[in-house]
Amino acid sequence: MLNREQVRPVGLDIGTTAVKLIELSGSAPNYELETIALVSLTDIEEHATASARAVSMILESNSLGTDHVATSVCGSNVAVRDLRFPKLDPKEVQGAVWYEGSQVIAFDINDAYVDYTVIGDSAGESAKMEVLFVAAMKPEVDAKTRVAEAAGLEPRLVGVDMLVLLDALMMKSDIPETVALLDIGAKSTGIGIARAGSPPFVRDLEIAGNAYT
C-alpha cells in the first residue's frame, strides 16, 4: 500500500454518455487497479452540469489517494500532426512549429493550446528533424478541466485520447512492429497507428456509435 506522500495516478474520462474514473497504485509497468467507477449521463441536464454531478457521485462513493487527475480530449477540435523540418537551432524550433502547425490544422492556432516534441533528429548534410505537434481548441480543454475543478479535483495533465492509448500499448514488450487501435465512442471514432521509432498517425472521425444507434 502506498503512503500519503506517494501519489496514485488517477484518470478521468468525461465522455458524451458517461463519466469514468480509474485509480492505480504501484509504479510502471506494474500498476495495480485500486478504483474503477462509471456513471452514465442523463439527457435531461446540460452536459457540463451532468458531468460534474457524475464526478461528485463517484467521489462520494470512493476515497481517492489524491485530488490530482489526468484527463483527455478528442474530436475535430483536436489535431495531431507529424511535422518535418531541416535541421534547426533549438531557438528556431518553436517559431517553425507555430507557423507550420497553423497551416495544417482546421482551426485558428491562436485559439488553441499547443504542444510539441522533437522525435527524430538526423545528422549529416541532409540533416532533418521530425516533430510531433498537438493542438487542441481551448474551449474543448477548458470544458474538461472545469468539470474536474467543479468536483474539487485538480487537473494536472490533459492528453489526447488516442495518443494516451498508443503510449500505453507501446509500453508492452510482446506487440507487433506496427500496431493500430480503433476507439469507437458515442460521437467520434479515434484511429491510431504506431511503430517504434516513428511518429504515430492519429485521426478522429466525427462518426461513431450514435450514428448507428
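Residues numbered from 1 in each chain as written. Predicted model: local features only at pLDDT ≥ 70, side-chain atom pairs only at ≥ 80, totals over all residues. Heavy atoms only, no water.

## A word on the confidence of the model for the protein chain
Item 1. For the protein chain, mean pLDDT is 89; residues scoring 70 or higher make up 94% of the total.
Item 2. Low confidence marks residues 1-6, where pLDDT is under 50. Its contacts with residues over four positions away, or in another chain, come to four contacts. (pLDDT = per-residue confidence, 0-100. Contact = heavy atoms within 4.5 Å.)

## Some thoughts on the side chain of Lys144
Item 1. Looking at the element boundaries, Lys144 is found in helix α3 (residues 138-150).
Item 2. Lacking a salt bridge, the buried Lys144 has Glu140 as its closest oppositely charged neighbour, with an N-O distance of 5.1 Å.
Item 3. Among the polar contacts made by the side chain of Lys144, one reaches the main-chain carbonyl oxygen of Ile14 at a distance of 3.4 Å.
Item 4. Aside from chain neighbours lying at most four places away, what touches Lys144 is Ile14, Thr71, Ser72 and Val73. (Helix = DSSP H or I, 4+ residues; strand = E, 2+ residues; numbered from the N terminus. Buried < 20%, exposed > 50% of the residue type's maximum accessible area, 1.4 Å probe, protein only. Lys, Arg positive; Asp, Glu negative; His and termini not counted. Salt bridge = Lys/Arg side-chain N within 4 Å of Asp/Glu carboxyl O. Polar contact = N/O pair within 3.5 Å; in protein donor to acceptor, adjacent residues only side chain to side chain.)

## Structural notes on the packing of aromatic side chains
Item 1. Summed over all chains, the structure comprises zero aromatic pairs.
Item 2. Its end group placed over the ring of Tyr113, Lys138 keeps NZ or CZ at 5.7 Å from the ring centre. (Phe/Tyr/Trp six-rings, centres within 6.5 Å; stacked < 30°, edge-to-face > 60°. Lys NZ or Arg CZ within 6 Å of the ring centre and 35° of its normal.)

## Regarding the pattern of salt bridges
Item 1. Under the criterion given, the structure shown has seven salt bridges.
Item 2. A salt bridge links Lys172 to Asp174; the nearest nitrogen and oxygen atoms lie 3.9 Å apart.
Item 3. Accessibility expressed as a relative area gives 45% for Lys172, which makes it partly exposed.
Item 4. Connected through shared salt-bridge partners, Asp82, Arg84 and Glu130 make up one network.

## Observations concerning the side chain of Asp161
Item 1. Residue placement: Asp161 occurs in helix α4 (residues 161-170).
Item 2. Look at Asp161: it is buried, it has no salt bridge, and the nearest opposite charge is Lys144 at 5.7 Å.
Item 3. In contact with Asp161, other than residues within four places in its own chain, are Ser72, Val73 and Cys74.

## A short note on the nonpolar core
Item 1. Formed by 19 residues in total, the largest nonpolar core has its most connected members in Leu12, Val19, Leu21, Val55, Ile58 and Leu153.
Item 2. Of all elements in the fold, only β1 (10-14), β2 (18-25), β3 (32-40), α1 (47-61) and α3 reach the threshold of two or more residues within this core.
Item 3. Ranked by the residues each element gives to this core, the list is headed by α1, at five residues.
Item 4. Leu21 has contacts with Val10, Gly11, Leu12, Thr35, Ile36, Ala37, Ile58 and Leu64, leaving out every residue within four places of it along the chain.
Item 5. By size, the runner-up hydrophobic cluster in this structure holds 15 residues, among which are Ala79, Ile105, Phe133 and Ala135. (Core = buried A, V, L, I, M, F, W, Y, C linked by side-chain atoms within 4.5 Å.)

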